[in-house]
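# Structural characterization, general
Below are the chains, spelled out letter by letter.
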Amino acid sequence: MTAYQIFTSEQAMRFADEHSELFGEHSKLSATEFGDGNLNLVFRVVNDKGTSLIVKQALPYARCVGESWPLSTDRARIEAEVLKLHARFCPEHTVEVLHFDRALSAILMEDLKQYDILRTALIKGKQFAHLAPQLANYLANTLFYTSDFVLTGPAKKAAVAQFTNPDLCLITEDLFFTDPYCNHERNTIHSLILPSARALWYDTDLQAEVAMLKADFLSKPQALLHGDLHSGSIFINNENCKVIDAEFGFYGPIGFDVGVLIGNLLINYVASPGVFKTPEEQSQQQHYLLTQIHTLWQHFADTFSQLQQTATQDPTLQNSRYQQRFLQQVFTDAIGYAGCELIRRTVGLAHVADLERISDAKQRAVCEIHALTLGRVLILERAQLDSITALLDKVQRTVAAIAAP
Ligand SMILES: Nc1ncnc2c1ncn2[C@@H]1O[C@H](COP(=O)(O)OP(=O)(O)O)[C@@H](O)[C@H]1O
Ligand SMILES: CSC[C@H]1O[C@H](OP(=O)(O)O)[C@H](O)[C@@H]1O
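No experiment lies behind these values; they were computed from the predicted model shown.

## A look at the domain arrangement of the chain
- According to the domain assignment, the chain consists of domain 1 (9–110) and domain 2 (116–403).
- Using C-alpha coordinates to define each centre, domain 1 is positioned 26 Å away from domain 2.
- In this assembly, 24 residues from domain 1 lie in contact with 31 residues from domain 2.
- Roughly 2,300 Å² of surface becomes buried between domain 1 and domain 2 when both sides are summed, with 65% attributable to carbon and sulfur atoms.
- On the domain 1 side of the interface with domain 2, the three residues burying the most area are His86, Phe89 and His93, jointly 29% of the side's total.
- Put simply, domain 1 and domain 2 have 3 salt bridges between them.
- For Lys242, the salt bridge is made with Glu110, and the minimal N-O distance between the two is 3.0 Å.
- Connecting domain 1 to domain 2 are 14 residue pairs in polar contact (both at pLDDT 80 or more).
- Partitioning the side of domain 1 that touches domain 2 into residue classes produces 11 nonpolar, 6 polar and 7 charged.

Set out below in structure tokens:
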């Protein structure tokens with residue numbers, strides 16, 4: 001067993017060569033580190049015929065901060081095991097893991113170089129009709145087949161233990177639910193929105209609802225979540241979507257995965273006036289996003305409900321009234337988590353390009369205030385938003401009301 005060491009390009013290349021037949025013998029390999037995420041090293045290893053693979057290695061600290069933020073490298077095991085399990089239930093939309101080395105905390109996986117990162121595609125205004133149905137499929141299958149509807153009590157408890165992920169869950173517990181609602185040094189707040197950000201620190205009604213959502217995140221192990229399904233964790237091209245980066249995976253509330261994804265589509269929605277030049281382009285993009293959110297929820301709910309009716313193993317959970325109530329609660333939870341994602345990506349530590357790339361500071365501030373206002377409304381009013389049309393109507397009305405006060 002090789003002891004852990006941080007890979008150089010040369011070592012990443014050797015790792016890929018040792019664990020894949022793909023390159024063949026006597027291949028001339030080269031490797032480049034090109035990771036742009038917050039946590040890990042990502043290398044692309046290529047041979048002289050252009051065949052390539054990805055090596056991802058967990059550092060013993062958070063890449064975006066440095067050694068002052070130590071982090072367990074066990075996250076690489078979690079990532080590899082979540083991806084492999086999710087691939088069992090939805091292989092078409094999960095990146096393929098080819099090899100995992102526990103000692104080196106390194107994963108060898110397929111290179112999705114024929115795809116674009118969804119966030120980049122959204123910012124460029126690229127539209128794909130298959131985005132929502134495919135991701136709904138991914139969510140419904142991975143979440144249903146890892147839940148109590150299918151697993152026996154003992155199997156579920158073993159799975160919860162296998163995917164206990166304290167370090168990465170703590171990041172979400174802090175960055176998602178705590179920091180944005182207080183004057184925390186980790187926050188990054190652009191000066192023009194300081195009054196709106198500061199209002200969050202004294203908003204006890206909002207803080208009470210965020211506490212409810214956090215308590216569920218801490219104590220509702222419904223299914224094996226991806227745990228960080230933002231638009232930088234999804235690759236897309238003209239035919240397909242694939243999900244990567246499952247290191248935040250753990251057993252948590254199903255609405256969290258659904259909500260983070262919806263939240264990211266809504267971030268692009270509020271950023272559209274700053275990203276797109278003409279009002280036509282903006283409204284086309286916003287229309288596209290609302291249609292995708294509608295399809296995402298509808299397709300997710302239909303697929304999940306179908307699975308509940310046909311594949312539930314536990315006889316008690318076969319009750320149809322229980323199954324409908326379960327799904328309705330997932331929807332309510334998802335709206336709340338979407339609201340939290342809008343807020344934390346605007347004033348927390350980890351910002352996103354949709355808003356950050358808006359070069360005009362005043363325009364960016366307008367979009368950021370829309371994100372905070374919409375996030376707050378979704379968190380506070382989630383229990384009243386009882387259908388996807390009610391949600392989308394609320395999104396449009398809320399943003400229009402701030403745009404034209
Ligand atoms: N399988 C892959 N194929 C192609 N590029 C990848 C793959 N996995 C990661 N990347 C690239 O590396 C970047 C960072 O990967 P990610 O898994 O998000 O790292 P982190 O965990 O540090 O956030 C992605 O934005 C993407 O550009
Ligand atoms: C210090 S981690 C901040 C932030 O980064 C993670 O995303 P990613 O690894 O995809 O860049 C996650 O969203 C964390 O909240």
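## What to know about the pairing of strand E5 (residues 66–70)
- Strand direction decides the pairing type here: strand E4 (residues 61–62) and E5, joined by 2 bridges, are antiparallel. Within E5, the residue paired with Ala62 across the bridge is Gly66.

## Comments concerning the UniProt feature "binding site: substrate" (unreviewed entry) in the chain
- Here the UniProt-annotated "binding site: substrate" (unreviewed entry) positions come out as Asp228 and Arg344. Look at the named residues: they lie 117 residues apart in sequence, but the longest C-alpha span between them is just 12.9 Å, so in the fold they bunch up.
- Mapped onto the secondary structure, Asp228 falls in the loop between strand E9 (223–225) and strand E10 (234–236).
- Not counting residues within four places of it along the chain, the set of residues in contact with Asp228 comprises Ser233, Phe248, Asp257, Val260, Arg344 and Arg345.
- Here Arg344 lies in helix H11 (residues 320–347).

## Concerning the nonpolar core
- In terms of nonpolar packing, the biggest core is built from 88 residues, with Leu131, Leu139, Phe177, Leu266, Trp297, Phe300 and Phe304 touching the most fellow members.
- Beyond its immediate chain neighbours, meaning those up to four positions away, Phe177 contacts Thr172, Val210, Leu213, Lys214, Phe217, Phe256, Tyr337 and Cys340.
- Ile54, Val95, Phe235 and Ala246 belong to the second largest nonpolar core, which has 23 residues in total.

## Here we look at the site of ligand 1
- Neighbouring ligand 1 are 20 residues, the closest being Asp36, Asn40, Lys56, Leu112 and Glu247.
- Here an oxygen atom of ligand 1 sits 2.8 Å away from a polar atom, N or O, in the side chain of Asp36.
- Asp111 places a side-chain nitrogen or oxygen 3.4 Å from a nitrogen atom of ligand 1.
- When ligand 1 sits alone it has 550 Å² of accessible area, and the protein chains cover 92% of it.
- Sorting elements by how many residues they give to the shell around ligand 1 places strand E2 (residues 40–46) first, with 3 residues.
- Partitioned by chemical class, the residues of the shell around ligand 1 number 10 nonpolar, 3 polar and 7 charged.

## Considering the sheet that holds E10
- An order of E8-E10-E11 is seen for the 3 strands of this open sheet, with the pairing classed as antiparallel. Each having just a single partner strand, strand E8 (116–117) and strand E11 (241–243) make up the two edges of the open sheet.
- Relative to E11, E10 runs antiparallel, the two sharing 3 bridges. Note on E11: the bridge partner recorded for Ile234 is Val243.

## Digging into the sheet that holds strand E6 (residues 97–101)
- Spatially, E1-E2-E3-E7-E6 is the arrangement adopted by the 5 strands of the open sheet, whose pairing is antiparallel. Each having just a single partner strand, strand E1 (30–33) and E6 make up the two edges of the open sheet. Across the sheet, the axes of successive neighbouring strands diverge by a mean angle of 20 degrees, strand direction being ignored.
- In this structure, E1 lies alongside E2, joined through 4 bridges in antiparallel fashion. Note that in E2 the partner of Ala31 across the bridge is Val45.
- Running at roughly 150 degrees to E6, helix H2 (residues 74–89) makes contact with E2, strand E3 (52–58), E6 and strand E7 (106–110) of the sheet.

## Side note on the packing of aromatic side chains
- Taken as a whole and judged by the stated rule, the model has 23 aromatic pairs.
- Their ring planes at 85 degrees and their centres at 5.5 Å tell us that Phe144 and Phe304 sit as a pair that is edge-to-face. Of the two residues, Phe144 is situated in helix H4 (residues 131–145) and Phe304 in helix H10 (residues 279–311); the sequence distance between them amounts to 160 residues.
- Among the residues examined, Phe304 registers a relative accessible area of 0% and is labelled buried.
- Three or more aromatic residues joined by ring pairs form one cluster here, namely Phe89, Phe144, Tyr145, Phe149, Trp297, Phe300, Phe304, Tyr322, Phe326 and Phe331.

Rules and cut-offs
- Residues numbered from 1 in each chain as written.
- Chains lettered and ligands numbered in written order.
- Predicted model: local features only at pLDDT ≥ 70, side-chain atom pairs only at ≥ 80, totals over all residues.
- Heavy atoms only, no water.
- Domains from an automatic or database assignment.
- Contact = heavy atoms within 4.5 Å.
- Buried area = accessible area lost by both parts, 1.4 Å probe.
- Salt bridge = Lys/Arg side-chain N within 4 Å of Asp/Glu carboxyl O.
- Polar contact = N/O pair within 3.5 Å; in protein donor to acceptor, adjacent residues only side chain to side chain.
- Nonpolar A, V, L, I, M, F, W, Y, C, P; charged D, E, K, R; others polar.
- Pairing = 2+ DSSP bridges.
- Helix = DSSP H or I, 4+ residues; strand = E, 2+ residues; numbered from the N terminus.
- UniProt positions renumbered as here; feature names shortened; annotations may be inferred.
- Core = buried A, V, L, I, M, F, W, Y, C linked by side-chain atoms within 4.5 Å.
- Buried < 20%, exposed > 50% of the residue type's maximum accessible area, 1.4 Å probe, protein only.
- Near = heavy atom within 4 Å.
- Areas by Shrake-Rupley, 256 points an atom, 1.4 Å probe, with all protein chains shown as cover.
- Axes fitted to C-alpha atoms, helices over the stretch in contact; angles between N-to-C directions.
- Phe/Tyr/Trp six-rings, centres within 6.5 Å; stacked < 30°, edge-to-face > 60°.

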